[in-house]
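Below, each chain spelled out in residue letters.
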Amino acid sequence: MPNNVDFCLITGASSGIGRELAISLSKDNLLILNGRNVVRLEETKQACHNAQEHIIWPYDLTNVSNIDKSLEEFLFKQEIRVSRFVHCAGILDIIPVRMITNENLLTVLNVNFISAAMITTCLVKKKVNEHFLKSIVFVSSIASEFGAKGFAAYSASKGALDSYMRSAAVELAPRVRANSVLPGGVVTKMTEKLYNDDQIPERLVKDYPLGSGQPSDIVGMVQFLLSDKARWITGQHFVVDGGRSANISV
Amino acid sequence: MVEIPSLLEAIVLEFGPLDGLVHAAGISATLPLRALTPDFWRDVFLLNTEAGIVLAKAFQNKKIYAGPRGSIVFVSSVMSLVGEKANVAYSMSKGAITSASRSMALELAPKGIRVNSVAPGFVRTPIYERAESLWTLEQKEAVEAMHPLGIGKSDDVANAIAFLLSDAALWITGTVMVVDCGYIAH
């Protein structure tokens, strides 16, 4: 028998929304922190409550073909199982349509979507995780629903994630709930290159009725969806964007 | 409805300013289009939609809401997003309040008031039980088959409303939160 079957796996835990979420959840949960940079994962772990209880699973999600093998081995070696999975890992390269290559598309799809799907497959396998998985939350983006210049590849990956989530939710019910959270522009390591332009603060004030967002603004919704308070919520996406996507003011 | 502002003022006088408003009152109205009359849909609209807007208008007055942060939640329905036979009046009233909440969210953001709606699926309430009593056995089984976790409880919706009212939702406005056990994902 595994030692503990109530771990929450967070991908992309080395920075941004993933790190912020890890710190918040660490108070009452045991965490598996995934990322590719062990040094930054260790920083996240040390910033967590009960730091010594959380476990690091270093793995680069661009390499999708070995995810299931690596995760399976990790769970068996640690003698733990996963009850909740949050996919925060994501990459964003602004690429104009005329410049997109096959390689660009594959990289962004691998990290933002395919890795989440492969981890889900692994965690619903009886021989790997028995039937312990209860809840999945994917961190998507409002770019899944709306367009922006240079965002075609990124939007496609987030759209795929949300569409996958709906069918997975229908198929995995009633045992597993699956939902996604769609943040608006949040200043993180991934997006900082978008926000260093002088005119950006002015634009943010105009576009975001509640002002610009911080990683901590996304945490509340993810925590709610993971909790038993959301026991009847599945197959849905939830926008957390300071009013950005309701806003067509010019 | 004309009394709503003075009723809210009386509440504030006794309990202090408000920082949250939930419009959960509503009526269902199953009636096929061929039988629908303007009076019928106006009645539905009056409670489900207009009362909510009048309440929100009264709420944002500085005599009622003193700031700095407030939250308004409208209870809409999945019928604002998908259709059902004989549900024109109800769908219309719920669609209208959801649409209104988006524009209201933009207008009230500078005052620190967030505005969102919650769209429940089939939840066991008196409205649901009345609808259920009109269904054939096949209809009832079809609805239940779409809810692998069972028909919802009022708590399931109340928890979502409480979340939107709370500071955990500080950056959420102008959104619809669907609480439906995957009903419309099918």
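Just above, that's the structure.
Residues numbered from 1 in each chain as written. Chains lettered and ligands numbered in written order. Predicted model: local features only at pLDDT ≥ 70, side-chain atom pairs only at ≥ 80, totals over all residues. Heavy atoms only, no water.

1. Thoughts on the overall build of chain B
Moving on, step 1. Each helix and strand in chain B was counted, giving six helices and four strands.
Moving on, step 2. The order of α-helices and β-strands along chain B, N terminus first, is α-β-α-β-α-β-α-α-α-β.
Moving on, step 3. A compact globule built from 186 residues should have a C-alpha radius of gyration of about 16 Å, and chain B, at 17 Å, falls within 12% of that.
Moving on, step 4. Dimensions along the principal axes, computed over C-alpha positions, put chain B at roughly 50 × 35 × 30 Å.
Moving on, step 5. Put simply, chain B has 186 residues, and 46% of those count as buried.
Moving on, step 6. Here the analysis covers contacts within chain B between residues at least 6 apart in sequence; of these, 77% occur between residues at least 24 apart.
Moving on, step 7. Surface exposure of chain B reaches about 9,100 Å², of which carbon and sulfur atoms provide 60%.
Moving on, step 8. Separation between the mean location of the 15 positive side-chain charges and that of the 18 negative ones in chain B comes to 6 Å. (Helix = DSSP H or I, 4+ residues; strand = E, 2+ residues; numbered from the N terminus. Rg over C-alpha atoms; globule rule 2.2 N^0.38 Å. Buried < 20%, exposed > 50% of the residue type's maximum accessible area, 1.4 Å probe, protein only. Contact = heavy atoms within 4.5 Å. Areas by Shrake-Rupley, 256 points an atom, 1.4 Å probe, with all protein chains shown as cover. Lys, Arg positive; Asp, Glu negative; His and termini not counted. Charge placed at Lys NZ, Arg CZ, Asp CG, Glu CD.)

2. Thoughts on the pairing of strand E5 (residues 135-139) of chain A
On a regular strand, one side chain projects to one face of the sheet and the next to the other, so that they alternate.
All names here are of chain A.
Moving on, step 1. The buried fraction of E5 amounts to five of the five residues, a majority that puts the element mostly inside the structure.
Moving on, step 2. Relative to E5, strand E4 (residues 80-87) is paired through four bridges, and the arrangement is parallel. Bridge pairing links Phe 85 to Ile 136 in E5.
Moving on, step 3. With five bridges connecting them, E5 and strand E6 (residues 177-183) associate as parallel partners. (Pairing = 2+ DSSP bridges.)

3. Observations concerning the state of the cysteines
Residues and elements named next belong to chain A.
Moving on, step 1. For the coordinates displayed, the defined rule picks out zero disulfides over all chains.
Moving on, step 2. Cys 8 forms no disulfide, and the closest cysteine sulfur to it belongs to Cys 88, at a distance of 8.7 Å.
Moving on, step 3. In this structure Cys 8 comes out as buried when scored by relative accessible area, which is 0%.
Moving on, step 4. Residue Cys 48 stays outside any disulfide, its sulfur separated by 11 Å from that of Cys 8, the closest cysteine. (Disulfide = S-S within 2.5 Å.)

4. Considerations on the packing of helix H4 (residues 102-123) of chain A against helix H6 (residues 152-172) of chain A
A pair of packed helices is captured by two measures, namely the crossing angle of their axes and the spacing between those axes.
Residues and elements named next belong to chain A.
Moving on, step 1. Where H4 meets H6, the axes come as close as 8 Å, and the angle between the chain directions of the two elements is 15°. Taken together, the axis directions place H4 and H6 in an arrangement best described as roughly parallel. Crossing of H4 over H6 shows right-handed handedness. Facing Leu 105, Val 108, Leu 109, Asn 112, Phe 113, Ala 116, Ala 117 and Thr 120 of H4, the residues of H6 in contact are Ala 153, Tyr 154, Ser 157, Lys 158, Ala 160, Leu 161, Tyr 164 and Leu 172.
Moving on, step 2. Its residues assigned to classes, the contact of H4 with H6 shows twelve nonpolar, three polar and one charged. (Axes fitted to C-alpha atoms, helices over the stretch in contact; angles between N-to-C directions. Parallel < 35°, antiparallel > 145°, perpendicular 65-115°, else oblique. Left-handed = near helix turned anticlockwise from the far one by under 90°. Nonpolar A, V, L, I, M, F, W, Y, C, P; charged D, E, K, R; others polar.)

5. What to know about the nonpolar core
Moving on, step 1. Within the largest apolar cluster, 49 residues are counted, with the highest numbers of intra-cluster contacts made by A:Ile10, A:Val86, A:Met221, A:Leu225, B:Val118 and B:Met177.
Moving on, step 2. No other element matches helix H8 (residues 215-226) of chain A, which puts seven residues into this core.
Moving on, step 3. What A:Leu225 contacts, discounting residues up to four positions off in sequence, is A:Ser135, A:Val137, A:Arg177, A:Asn179, A:Val181, A:Ala230, A:Ile233 and A:Phe238. (Core = buried A, V, L, I, M, F, W, Y, C linked by side-chain atoms within 4.5 Å.)

6. Considering the pairing of strand E2 (residues 70-75) of chain B
All names here are of chain B.
Moving on, step 1. With six of six residues buried, E2 lies mostly within the body of the structure.
Moving on, step 2. Every second residue of E2 is oriented toward a common face, with Gly 70, Ile 72 and Phe 74 on one face and Ser 71, Val 73 and Val 75 on the other, all of them buried.
Moving on, step 3. Both strand E1 (residues 20-23) and E2 contribute to a ladder of four bridges, which runs parallel. Across the sheet, the residue bridging to Leu 21 is Ile 72, located in E2.

7. Observations regarding the interface of chain B and chain A
Moving on, step 1. Taken together, the 34 residues of chain B in the interface contact 35 residues of chain A.
Moving on, step 2. Surface buried jointly by chain B and chain A totals about 2,800 Å² across both partners, of which 71% is contributed by carbon and sulfur atoms.
Moving on, step 3. For chain B, the biggest contributors to the area lost against chain A are B:Leu106, B:Leu149 and B:Trp171; these three give 31% of the whole.
Moving on, step 4. Between A:Arg231 and B:Asp156 there is a salt bridge; the shortest N-O distance is 2.5 Å.
Moving on, step 5. On the surface where chain B and chain A come into contact, there are seven residue pairs in polar contact (both at pLDDT 80 or more). (Buried area = accessible area lost by both parts, 1.4 Å probe. Salt bridge = Lys/Arg side-chain N within 4 Å of Asp/Glu carboxyl O. Polar contact = N/O pair within 3.5 Å; in protein donor to acceptor, adjacent residues only side chain to side chain.)

8. A few points about the packing of aromatic side chains
All names here are of chain A.
Moving on, step 1. For the structure shown, the criterion picks out 13 aromatic pairs over all chains.
Moving on, step 2. Pairwise contacts between aromatic rings join Phe 85, Phe 113, Phe 138 and Tyr 164 into one cluster.
Moving on, step 3. The cationic tip of Arg 81 hangs over the ring face of Phe 76; the distance from NZ or CZ to the ring centre is 4.7 Å.
Moving on, step 4. Sitting above the plane of the Tyr 208 ring, Arg 244 keeps its charged end 6.0 Å from the centroid. (Phe/Tyr/Trp six-rings, centres within 6.5 Å; stacked < 30°, edge-to-face > 60°. Lys NZ or Arg CZ within 6 Å of the ring centre and 35° of its normal.)

9. Describing the side chain of A:Ser83
All names here are of chain A.
Moving on, step 1. Tracing the sequence through the fold places Ser 83 in strand E4.
Moving on, step 2. Engagement of the side chain of Ser 83 in a polar contact is seen with the side chain of Arg 84, the distance being 3.2 Å.
Moving on, step 3. The contacts of Ser 83, once residues within four sequence positions are left out, are Val 5, Asp 6, Phe 7, Phe 132, Leu 133, Lys 134 and Ser 135.

Interpretation in functional terms is not warranted from these geometric data alone.
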